[in-house]
Amino acid sequence: SDSQRFVTTWFSPYLPSQLLELADSQGLMVGANSRVNRFMDFEADESIDRASLKILAVDDSPTNMIVLQGALKKLGYTDIVTANNGQKAIEQVELNPDVDLILMDINMPIMGGIEATMRLRADGLKTPVISLTALSESELDIESGTALFDGHLSKPASANDIDRVILKSVATKPLSTLESIES
């Protein structure tokens, strides 16, 4: 019958603080007493002072931002500035000229990551910018028309990949050879 073909699924909405707690309880986030899952399984290189680096994380998805901030904090990056679109990213760079690295989502409302990065580069920004997107590196180069970014992370990126690309980018800044990490 027609009534048997359709199934209604109910879900509970979560506030960001509840989402963080839920993610932690499922092993998706890593805190001092949390379980470690495959996305957070990483042994930090203690020779680098990650806490001294200021990172601008740009993503329009609150869920992605929570996961990204959790991974960065687990890795030891504690000075994190955030923005939820490219326009806000430009404003954050103006407010925080000492940013050491930018993790930039590509597809966002108001202003996307490609346009924001082009504007920042046109204004003389030499800070490494890492694309963080579901697009492949070649799709990104085609869409932007150039190797605009210092590195590329494909979503979902592991904490290990995030750390590797950040450390390589800050070690070789300004604008270096594009390293691609595609999971």
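How each quantity is defined
- Residues numbered from 1 in each chain as written.
- Predicted model: local features only at pLDDT ≥ 70, side-chain atom pairs only at ≥ 80, totals over all residues.
- Heavy atoms only, no water.
- Helix = DSSP H or I, 4+ residues; strand = E, 2+ residues; numbered from the N terminus.
- Polar contact = N/O pair within 3.5 Å; in protein donor to acceptor, adjacent residues only side chain to side chain.
- Contact = heavy atoms within 4.5 Å.
- Salt bridge = Lys/Arg side-chain N within 4 Å of Asp/Glu carboxyl O.
- Buried < 20%, exposed > 50% of the residue type's maximum accessible area, 1.4 Å probe, protein only.
- Pairing = 2+ DSSP bridges.
- Right-handed = clockwise from strand over helix to strand, strands pointing away.
- Axes fitted to C-alpha atoms, helices over the stretch in contact; angles between N-to-C directions.
- Parallel < 35°, antiparallel > 145°, perpendicular 65-115°, else oblique.
- Left-handed = near helix turned anticlockwise from the far one by under 90°.
- Nonpolar A, V, L, I, M, F, W, Y, C, P; charged D, E, K, R; others polar.
- pLDDT = per-residue confidence, 0-100.
- Core = buried A, V, L, I, M, F, W, Y, C linked by side-chain atoms within 4.5 Å.

Notes on the side chain of Thr 117
Step number 1: Looking at where Thr 117 falls in the secondary structure, it is placed in helix H5 (residues 113-122).
Step number 2: A polar contact is formed between the side chain of Thr 117 and the backbone oxygen of Gly 113, at a distance of 2.7 Å.
Step number 3: Ignoring any residue separated from it by four or fewer positions in sequence, one finds Thr 117 in contact with Met 104, Val 129, Leu 148 and Phe 149.

Re the pattern of salt bridges
Step number 1: Taken as a whole and assessed by the stated rule, the structure comprises eight salt bridges.
Step number 2: For the salt bridge of Asp 163 with Arg 50, the shortest nitrogen-to-oxygen distance reads 2.8 Å. Of the two residues, Asp 163 is situated in helix H7 (residues 159-171) and Arg 50 in the loop between helix H2 (16-25) and strand E1 (54-58); the sequence distance between them amounts to 113 residues. The pair formed by Asp 163 and Arg 50 is uniform in burial state, with each residue classed as buried.
Step number 3: For Arg 119, the salt bridge identified is with Glu 115, shortest N-O distance 2.6 Å.

Description of the pairing of strand E2 (residues 79-83)
Each regular strand carries side chains that alternate between the two faces of the sheet.
Step number 1: Pairing of E1 with E2, which is carried by five bridges, proceeds in the parallel orientation. The partner of Lys 54 across the bridge, within E2, is Asp 79.
Step number 2: Each parallel crossover has a hand, and for E1 linked through helix H3 (residues 62-75) to E2 it is right-handed.

With respect to unusual backbone geometry
Step number 1: Omega for the bond connecting Lys 155 with Pro 156 falls within 30 degrees of zero, at -10 degrees, which places this linkage in the cis form.
Step number 2: You can see Pro 156 is positioned in the loop between strand E5 (151-154) and H7.
Step number 3: In the Ramachandran plot, Ile 110 falls in the positive-phi region, its phi being about 70 degrees despite a non-glycine side chain.
Step number 4: Looking at the secondary structure, you find Ile 110 in the loop between strand E3 (101-105) and H5.

Thoughts on the packing of helix H4 (residues 86-95) against H5
Step number 1: Between H4 and H5, the shortest axis-to-axis distance is 8 Å and the interhelical angle comes to 30 degrees. Judged on the interaxial angle alone, H5 and H4 are roughly parallel. Between H4 and H5 the crossing geometry is right-handed. Contacts between H4 and H5 involve Gly 86, Ile 90 and Val 93 from the first element and Ala 116, Arg 119 and Leu 120 from the second.
Step number 2: A class-by-class count of the residues in the contact of H4 with H5 yields four nonpolar, one polar and one charged.

Brief notes about the confidence of the model for the chain
Step number 1: With 60% of its residues at a pLDDT of 70 or more, the chain has an overall mean of 74.
Step number 2: Confidence drops under a pLDDT of 50 for residues 174-183, and excluding neighbours within four residues, the segment shows 38 contacts in the predicted structure.

Considering the nonpolar core
Step number 1: Counting 22 residues, the largest nonpolar core has Leu 72, Tyr 77, Leu 103, Leu 153, Ile 162 and Ile 166 as its most contacted members.
Step number 2: For this core, the elements supplying multiple residues, two or more each, are E1, H3, E3, strand E4 (129-133) and H7.
Step number 3: In contact with Tyr 77, not counting residues within four places along its chain, are Arg 50, Leu 53, Ile 55, Leu 72, Asp 163, Ile 166 and Leu 167.
Step number 4: Grouped together as the second largest cluster of nonpolar side chains are 20 residues, Val 93, Ile 106, Met 108 and Phe 149 included.

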